[in-house]
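Here is how the chains run, residue by residue.
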Amino acid sequence: MIMRFSILKRGFSSSNAMSAAINQVTVIGGGLMGSGIAQVAAQAGNTVTICEVNDAALQKAQSRIQSSLERVAKKVYKDKAEDGKKFVSDTMGRVNLSTKVGESVQKADLVVEAIIEKMEVKHKLFKEIDGAAPAHTIFASNTSSLSIKEIASVTKRKDKFGGLHFFNPVPVMKLLEVIKTEDTSEDTYNKFLAWGKAIGKTTVTCKDTPGFVVNRLLVPYMAEACRLLERGDASARDIDTAMKLGAGYPMGPLELADYVGLDTTKYILDGWNKQFPENPLFAPIKIVDKLVAEGKLGVKSGEGFYSYKK
Ligand code: 3HC
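Computed from a prediction, not measured in an experiment: that's the story for all the values here. (Residues numbered from 1 in each chain as written. Predicted model: local features only at pLDDT ≥ 70, side-chain atom pairs only at ≥ 80, totals over all residues. Heavy atoms only, no water.)

Details of the overall build of the protein
Secondary structure summary: the protein contains 12 helices and nine strands in total. For 310 residues, the compact-globule estimate of 2.2 N^0.38 gives 19 Å, and the C-alpha radius of gyration of the protein, at 20 Å, lies within 12% of that figure. The principal-axis extents of the C-alpha atoms in the protein amount to approximately 60 × 50 × 35 Å. Out of the 310 residues belonging to the protein, those deemed buried represent 48%. Within the protein, counting contacts between residues at least 6 apart in sequence, those at least 24 apart form 69% of the total. (Helix = DSSP H or I, 4+ residues; strand = E, 2+ residues; numbered from the N terminus. Rg over C-alpha atoms; globule rule 2.2 N^0.38 Å. Buried < 20%, exposed > 50% of the residue type's maximum accessible area, 1.4 Å probe, protein only. Contact = heavy atoms within 4.5 Å.)

Considerations on the pattern of salt bridges
Evaluated as defined, the whole model comprises 20 salt bridges. The salt bridge involving Lys 160 is made with Asp 159; its shortest N-O contact spans 3.9 Å. You can call Lys 160 partly exposed: its relative accessible area is 24%. Asp 159 sits in the partly exposed class, given a relative accessible area of 33%. (Salt bridge = Lys/Arg side-chain N within 4 Å of Asp/Glu carboxyl O.)

Here we look at the site of the ligand
Surrounding the ligand, one finds 19 residues, the nearest of these being Ser 68, Arg 71, Lys 75, His 165 and Asn 168. Residue Ser 144 places a side-chain N or O atom 3.0 Å away from an oxygen atom belonging to the ligand. Between Asn 215 and the ligand, the recorded distance is 3.0 Å, taken from a side-chain N or O atom to an oxygen atom. For the ligand, whose accessible area on its own is 1,000 Å², the fraction buried by protein is 66%. For the shell around the ligand, the secondary structure elements donating two or more residues are α2 (55-76), α8 (214-230) and α10 (253-260). (Near = heavy atom within 4 Å. Polar contact = N/O pair within 3.5 Å; in protein donor to acceptor, adjacent residues only side chain to side chain. Areas by Shrake-Rupley, 256 points an atom, 1.4 Å probe, with all protein chains shown as cover.)

Some remarks on the packing of α8 against helix α12 (residues 286-293)
When two helices pack together, their arrangement is given by the angle between the helix axes and by the axis-to-axis distance. Two elements in contact, α8 and α12, have axes whose closest approach is 8 Å; the angle formed by their N-to-C orientations is 95°. As summarised for this structure, α8 and α12 are arranged roughly perpendicular, according to the angle between their axes. Packed against α8, whose contacting residues are Cys 226, Leu 229 and Glu 230, the element α12 presents Lys 286, Ile 287 and Val 288 at the interface. A class-by-class count of the residues in the contact of α8 with α12 yields four nonpolar, no polar and two charged. (Axes fitted to C-alpha atoms, helices over the stretch in contact; angles between N-to-C directions. Parallel < 35°, antiparallel > 145°, perpendicular 65-115°, else oblique. Nonpolar A, V, L, I, M, F, W, Y, C, P; charged D, E, K, R; others polar.)

What about the nonpolar core?
Ranked by size, the top nonpolar core spans 36 residues in total, and within it Ile 37, Ile 50, Leu 110, Leu 164, Phe 166 and Trp 195 carry the most contacts. Ignoring anything within four residues of it in the chain, the contact list for Ile 37 reads Val 27, Val 112, Ala 114, Asn 142, Phe 166, Val 170 and Trp 195. With 24 residues, the next largest nonpolar core counts Ile 239, Leu 254, Leu 269 and Tyr 306 among its residues. (Core = buried A, V, L, I, M, F, W, Y, C linked by side-chain atoms within 4.5 Å.)

Let's talk about unusual backbone geometry
The omega angle of the peptide bond from Asn 168 to Pro 169 is 0°, so this bond is cis rather than trans. Tracing the chain through its elements places Pro 169 in the loop between β7 (161-165) and β8 (175-180).

Let's talk about the side chain of Thr 137
Among the secondary structure elements, Thr 137 is positioned in the loop between α5 (119-132) and β6 (138-141). A distance of 2.7 Å separates the side chain of Thr 137 from the backbone oxygen of Ala 108, its partner in a polar contact. Those residues within four positions of Thr 137 in sequence are excluded, and the remaining contacts are Ala 108, Asp 109, Leu 110, Val 111, Arg 157 and Lys 160.

A short note on helix α9 (residues 236-247)
End to end, α9 covers 16 Å across 12 residues, agreeing with the expected 16 Å (1.5 Å per residue, within 8%). When α9 is considered as a whole, its buried residues turn out to be Ala 236, Ile 239 and Asp 240. Around the axis of α9, the buried residues are gathered within 95° of arc, so they sit on the same side. In α9, those exposed residues whose orientation departs by more than 90 degrees from the buried face are Arg 237, Asp 238, Leu 245 and Gly 246. Phi turns positive, to about 75°, at Gly 248, one or two residues after α9. (Expected span 1.5 Å × (residues − 1). Arc of directions from axis to C-beta.)

Remarks on the packing of aromatic side chains
If you walk through the whole model with that rule in mind, you get eight aromatic pairs. Between the aromatic rings of Phe 276 and Phe 282, the centroid separation amounts to 6.1 Å while the plane-to-plane angle is 55°, which identifies the pairing as tilted. Given the relative accessible area of 3%, Phe 282 is considered buried. One aromatic cluster is present, built from ring pairs that chain together Phe 126, Phe 139 and Phe 161. A cation sits over an aromatic face here: Lys 180 above Tyr 189, 5.5 Å from the ring centre. (Phe/Tyr/Trp six-rings, centres within 6.5 Å; stacked < 30°, edge-to-face > 60°. Lys NZ or Arg CZ within 6 Å of the ring centre and 35° of its normal.)

Some thoughts on the packing of α8 against α9
Running from N to C, α8 and α9 cross one another at 140°; their axes reach a closest spacing of 9 Å. With respect to α9, the element α8 is oriented oblique. Note on packing geometry: the crossing formed by α8 with α9 is right-handed. In contact with Tyr 221, Ala 225, Leu 228 and Leu 229 of α8, α9 contributes Ala 236, Ile 239 and Met 243. By residue class, the composition of the contact of α8 with α9 is seven nonpolar, no polar and no charged. (Left-handed = near helix turned anticlockwise from the far one by under 90°.)

Pasting the structure below:
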């Protein structure tokens, strides 16, 4: 069932869906990343469908988008509260919600997957949407660390498949990594670049290599900060203060690990450690393993290296 927040008259007909431009976007997974991706697409005028496993997850995505849009509106429409309200309601009006995967992709020009980082789960999903989406639909995964080519392997449209890697918080971070596999066609790649521009992101291109550009540099950096703490070389606060004031980073590495999620950080490191056991940068970190085992996942669980309980 597809639920609509409101019907908004759009400036294009359904035949536009068959043209080169991307108008209809389906985002599978309405978590932190998925809801951010849906938001920036809707802000840019796309009609967006978020697909999630149940209504509770969809409601969560909806309220996350609403409050983020209100932050944007406060900033952009400082002295024009009415315009700000209209911006929020118009944007929300372009967001549909669905719990039915097949149905949610039926009109999509682009499907972006932002679900759990498990290859077998992604394979099951892409098999299903490959059968349900129109022939022209291009697919992208927002995976942080898995191989795009391997994710795409279960589909019959490997030429229409690539990576679109966003950064948290999606509405604020200006970068979009576009990943081109050996099979991604020039046409698909160009559509990704054009869409990235249309949603206001600066794109960089990377091959289908572990972590692409940003995570390949950022994750080992956060891991080294955890090891520094584990050795007792400096306190968490001092490590973070050092990198903020000494290197100009907006967040220290431990704050950032909490922000990204310690489970996500661990998941990425463990995957790479399995693939490249000889690389000491990817070795498991006891302090991270312990926090994750205790359910201290960072900001989202209320505690990680720091406490976020109100
Ligand atoms: N929605 C809308 N606006 C938001 C927002 C959101 N979710 N979060 C923050 N903002 C806006 C605020 O309204 C504010 O706007 P203003 O300056 O114009 O008033 C601005 O962003 C700054 O926010 P705050 O004042 O609340 O806080 P900070 O100045 O500390 O900035 C931050 C917060 C933007 C998160 C900044 O600390 C930062 O850039 N941190 C680094 C984030 C980062 O490195 N992300 C990448 C992680 S890696 C990743 O995502 C990859 C994945 O695969 C793991």
